[in-house]
Structures are given as structure tokens and as C-alpha cells.
Amino acid sequence: MDLDGDTLMYVIDRTMGDFKYFHMDLPNNGKVLLSRTVDYETIQELEVIIHAVEMTTRERQRTTTRVRVVVLDGDDQYPQFLPCQYMSHDGLRVCVSPVYSVNITAGEEPTGPFVFSPGPIYAEDGDKGIMTPISYSILSGPGSELFQIDNITGSVSHINTLESMPGPAMFHIKVMASQVCDSRKFSLAEVKIRVLAPNKYAPRFTASQYKAFVQEDNNPVALVSTYNGRVLNLMPSDGDFPNGTNPRIQLSLANISNHSKLFQITQSGFLIARANLLQAPQTFNVKVIARDEESGETANSSLIITVLARGQAAPRDPSEPQPLFPQPDLPIIAAGLGVLGLLFAILLFLLIRLVKSHRLQQQQMSQTSLMTEKHPTVGEEQGYQNAAYTETPGEENPGLEEARLVPAKTDGQSVKQQKRMPAVAVISPGNQCIGNSPCRNKQELSGGDSDHGTPIQGCGDDPSNDGRRGHQSTEASASGKQQ
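Summary of the structure given here. (Residues numbered from 1 in each chain as written. Predicted model: local features only at pLDDT ≥ 70, side-chain atom pairs only at ≥ 80, totals over all residues. Heavy atoms only, no water.)

**Overview of the nonpolar core**
In step 1: In terms of nonpolar packing, the biggest core is built from 26 residues, with Phe-263, Leu-303 and Ile-305 touching the most fellow members.
In step 2: Those elements that provide at least two residues to this core are strand E16 (209-215), strand E18 (249-253), strand E19 (263-265), strand E20 (271-273), strand E21 (283-292) and strand E22 (298-308).
In step 3: Setting aside its immediate chain neighbours within four residues, Phe-263 contacts Val-224, Leu-253, Leu-271, Ile-272, Ala-273, Leu-278, Phe-284, Val-286 and Ile-305.
In step 4: Counting residues in hydrophobic clusters, the runner-up holds 24 residues, among them Phe-114, Leu-162, Val-191 and Val-195. (Core = buried A, V, L, I, M, F, W, Y, C linked by side-chain atoms within 4.5 Å. Buried < 20%, exposed > 50% of the residue type's maximum accessible area, 1.4 Å probe, protein only. Helix = DSSP H or I, 4+ residues; strand = E, 2+ residues; numbered from the N terminus. Contact = heavy atoms within 4.5 Å.)

**Description of the side chain of Asp-125**
In step 1: Structurally, Asp-125 is set in the loop between strand E10 (122-124) and strand E11 (134-138).
In step 2: Salt bridges are absent for the buried Asp-125, whose nearest opposite-charge side chain, Lys-185, sits at 7.0 Å.
In step 3: Here Asp-127 takes part through its backbone nitrogen, which lies 3.3 Å from a polar atom of the side chain of Asp-125.
In step 4: A polar contact of 3.1 Å, which involves the side chain of Asp-125, links it to the side chain of Gln-179.
In step 5: With residues near it in sequence (within four places) discarded, Asp-125 still touches Asp-75, Gln-77, Tyr-78, Pro-79, Ile-130, Met-131, Thr-132, Ile-134 and Gln-179. (Lys, Arg positive; Asp, Glu negative; His and termini not counted. Salt bridge = Lys/Arg side-chain N within 4 Å of Asp/Glu carboxyl O. Polar contact = N/O pair within 3.5 Å; in protein donor to acceptor, adjacent residues only side chain to side chain.)

**Comments concerning the packing of aromatic side chains**
Aromatic ring pairs are described here by two measures, namely the spacing of the ring centres and the angle between the planes.
In step 1: With the rule as written, the count across this model stands at 7 aromatic pairs.
In step 2: Summarising the aromatic geometry, the rings of Phe-114 and Phe-116 are spaced 6.2 Å apart at their centres and angled 70° between planes, so their arrangement reads as edge-to-face. We note that Phe-114, like Phe-116, is buried.
In step 3: For the ring pair Phe-263 and Phe-284, a centre distance of 5.4 Å and an interplane angle of 70° mean the geometry is edge-to-face. Of this pair, Phe-263 sits in strand E19 while Phe-284 is found in strand E21, placing the two residues 21 residues apart along the sequence. With respect to class, Phe-263 is no different from Phe-284; both count as buried.
In step 4: Connected via pairs of aromatic rings, a cluster forms that spans Phe-81, Tyr-100, Phe-114, Phe-116, Phe-147 and Phe-171.
In step 5: The ring centre of Tyr-21 lies 5.5 Å from the NZ or CZ of Arg-36, which sits over that ring. (Phe/Tyr/Trp six-rings, centres within 6.5 Å; stacked < 30°, edge-to-face > 60°. Lys NZ or Arg CZ within 6 Å of the ring centre and 35° of its normal.)

**Looking at the sheet that holds strand E9 (residues 99-105)**
In step 1: Judged by pairing direction, the sheet is mixed, and its 4 strands sit side by side in the order E9-E15-E14-E11 without closing on themselves. Two strands bound the open sheet, and with one partner strand each, they are E9 and E11. Here the average twist between neighbouring strands, direction ignored, is 25°.
In step 2: Where E11 meets strand E14 (residues 170-179), 5 bridges bridge the pair, whose relative direction is antiparallel. Residue pairing across strands places Ile-138 opposite Val-175, the latter belonging to E14. (Pairing = 2+ DSSP bridges. Axes fitted to C-alpha atoms, helices over the stretch in contact; angles between N-to-C directions.)

**Section: the layout of surface pockets**
In step 1: Of the volumes computed, that of the largest pocket is approximately 540 Å³.
In step 2: Taken together, 21 residues form the lining of the largest pocket, with Gln-77, Gln-80, Arg-93, Val-94 and Cys-95 sitting closest to its centre.
In step 3: At the level of elements, strand E6 (80-82) and strand E8 (92-96) are the ones that each hand at least two residues to the lining of the largest pocket.
In step 4: Ranked by residues supplied to the lining of the largest pocket, first place goes to E8 with 4 residues. (1 Å grid on protein atoms, 1.4 Å probe; cavity = no way out; pocket = protein on both sides within 12 Å on 5 of 7 lines; lining within 4 Å. Points joined across faces, edges and corners; volume = space filled by probe spheres on them.)

If you want it as C-alpha cells, here you go:
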């Protein structure tokens, strides 16, 4: 107010303070009004600077005051479960309820309320300045009848010992937190209760230390192996499971060095190496940790990894019994078998050729014997000739030699040359005369008359067979005369 009664005008300083929350009702009435809603949860105190200026004087004297506004909380917020996860929505921070989880073991006697993660079930009024009391309850749903909650503290426990599970091993229940004085203002949170089988065994590696090998290579990824080139698997066993495999096991490598850049382990237990960054004969010591995510139990084992040169095989397991005979070299065996097969093929070929040649000779001999049986006179001129004739070489015919018969001179007279006739020879075992054999000489000396069929004894004749041979000679001579 001005003591002189001058008219004053009120102006908000828009360079300092929280001027954006206020404005003047009228320039001359001094009423300050809010320009926007004030949230206690966002800001609890405001400050504004106001100037008062004379409007009816030449001096235009003025004065300034600083106004501090305290924001009081009102019951406009809902209960919030803690710890709260805030999210922004249209410029406002919204509290998102957490998910509470706990693992319990079937068969254990109730010893107290469950210990949840990330913290106990707790909610408070969203109006921090009022802090209305909160009441807790479990909404009906699958498995809700197995658990109970303290409506004041929010502690959850099971009603009876869970010997056998009537349903799934995981229960999802809903917990409601509401204001005691106004149940219409409430919030909900999800609670997960996982029922586990009794944990009698901790995870365990098959060995406290493993020997591993990996070859240097240009490939950035390579599986680490153990003795005899077997792929190394580091999955621990858990006796609480029938197959010994706990699906809740988490595998990791201890960060004791920079080995995490060279090696990585999968959740299946396989160790992967960056072979392109390794050089023989490097050696690395790596520690593997296995943690049961349900029970929290851990197990660890160490690895000694040796880098092998390219193409170098992993050594044999020294714990295995040594074979009586060294392991054969398969390439050498294959080459030897190939050479033996080739030699066998060559021998088989030669044997077949030899058998064929032998069969051909037998066929030729059989044909020769057959021709001899059918044509006894085949060959050169043999046997017995008529004493009245002499022989001259004849023309060659296939399989038979003809003889030219020239009549002999008797009493100075020549006999007309007779027709050429094939020579007749008697071939019998032990009596074969060829060419100028003694048969001819005996024929000439015997002076026998071939016209009368007188038998002539040849070389090697048996006297006991004279009659038979003489009969054959007579038939041969008779045949020659008929021709």
C-alpha cells in the first residue's frame, strides 16, 4: 500500500523464481493466482518475486517483495509398492510396482515369513505428506489358498508344509495394498513363489582340474578339446536331478585375467576359443564357476589350456591303459592294401591267361588226335609201296601228300604212266615209318609183288602181327588198283 494514496501496479518478475506457476489477477488489485497445478510429489515449495510500482507520480517509485509458497499434500495419490520403478509418462513420473519372487523347498517346516527379492512386500501412500495407513490382502487365484499374508506388515508365509505339489511348481499370486480409510485407492503387485525339490546335493564338476588343448588357426572360433581330441564339456552334475543336469546352473569364467577376450563358455558347458589370436605353445590357466541360481550354491574348477600347432593332434589320455600294440597308421595300411590288391589282380590275370593257353593246347591236341583217327595216312608218304612202282614227290594237298607213281621198266619196255594216286600208309603203334625209313629198304629188298598183296614187313614189325598187317596191306593195295 502507498501512504500517499498513489495508485499502484503489481508486476511479477519473470526473470527469477518460479514465475511460471503464478500470474496477477489484475494489475492493481495485488492478487496472485496459480497458473498451473502444483503436485506435492513433484515440488513442495515455490518462490516468486513481485514488484509494486507507482502509476500516478512522476517519480514512479517502486518496491519489491519475495513470496515463498509452501505446497501442502492432498489425498490424491494411490498406494505404491516399494522399491518403486519410476517411468515417465506425459512429463510425469509414474511408479511401477516391482515383481516379488522367492524360492521355497517342498517338505520344509514353516519357520517364518518368506524372504522376497528385491525386498519385502511393502507399500505406502502416494501422498507423502499424509501417509494414510495401508492394508494388505491376497487376491483369490490358483494356489492362493496355500499361502497367507499379514494385512498390516505384508509378510507372506505358507499355511501348511508342502509335501506334494497339487499343481505347478511355480505360483503366481496377486497382492493388493489399499488405503485403510479409502479402499477405492489401491495398487496391485505380482508375487512369484517357486517350490523346489529338496536340495541334497550341490553342483559338482567331475574333476578339480581339466587339461585342455586347442590348435592355432585362422578361424576366429574353435572348440576346446581334451585328451584324444574329445570335445571338452564342463557341465557340472547335480544329484538332485534324475539325469544329473540342473537347468538352473549358470556357467561363467572368473575375471582373473584378460582370458575372457580369448575364451568364452556356453551355458551347455562348451569352451570356445579365438584360435586366430592364439600361438603355440602358449598355456593359459582358466577358472570356471558354476552357480545354482535357485539354491545359490557354487562349484568351481580350473583348466590348463595348451595351444597346439596346426595339424598337431591332442595327446593320449595318460589315465587310459596303453594298448599292447601301437595303433596302426591307417594311411599306410590303406596304401599296403591297395598294393596287395593290385598284385592280386595281376596274378589273377596271369593265371587266367595260363589256364586259357593250357585249354587251347588241349583243344589242338584233341583235334590232332581226332584227325589221326579219321585219316590214318595223313603225313608224309609211309607204308608199303607196290614193287612195280617208284615214288616221286607229289603235290601238296591239305592234310594229305600225293605221290606220283611212275611205272618201272620191265624187259626194256616202258609201262604207261598210271594215274597219280595218294600214297597209302599203315600207321600202327610201334610201326611208324617216316621219310626214308628202313621200311622202304625192306620193301625194295623183299621183292614182293604188290599186285598180289604180298605182305611186306616194315621197321619195328612184330612177327606175331604179320598176318594182321599183311591183311591191311593187301586191302590198301587192292584199293590202289581200283583207283
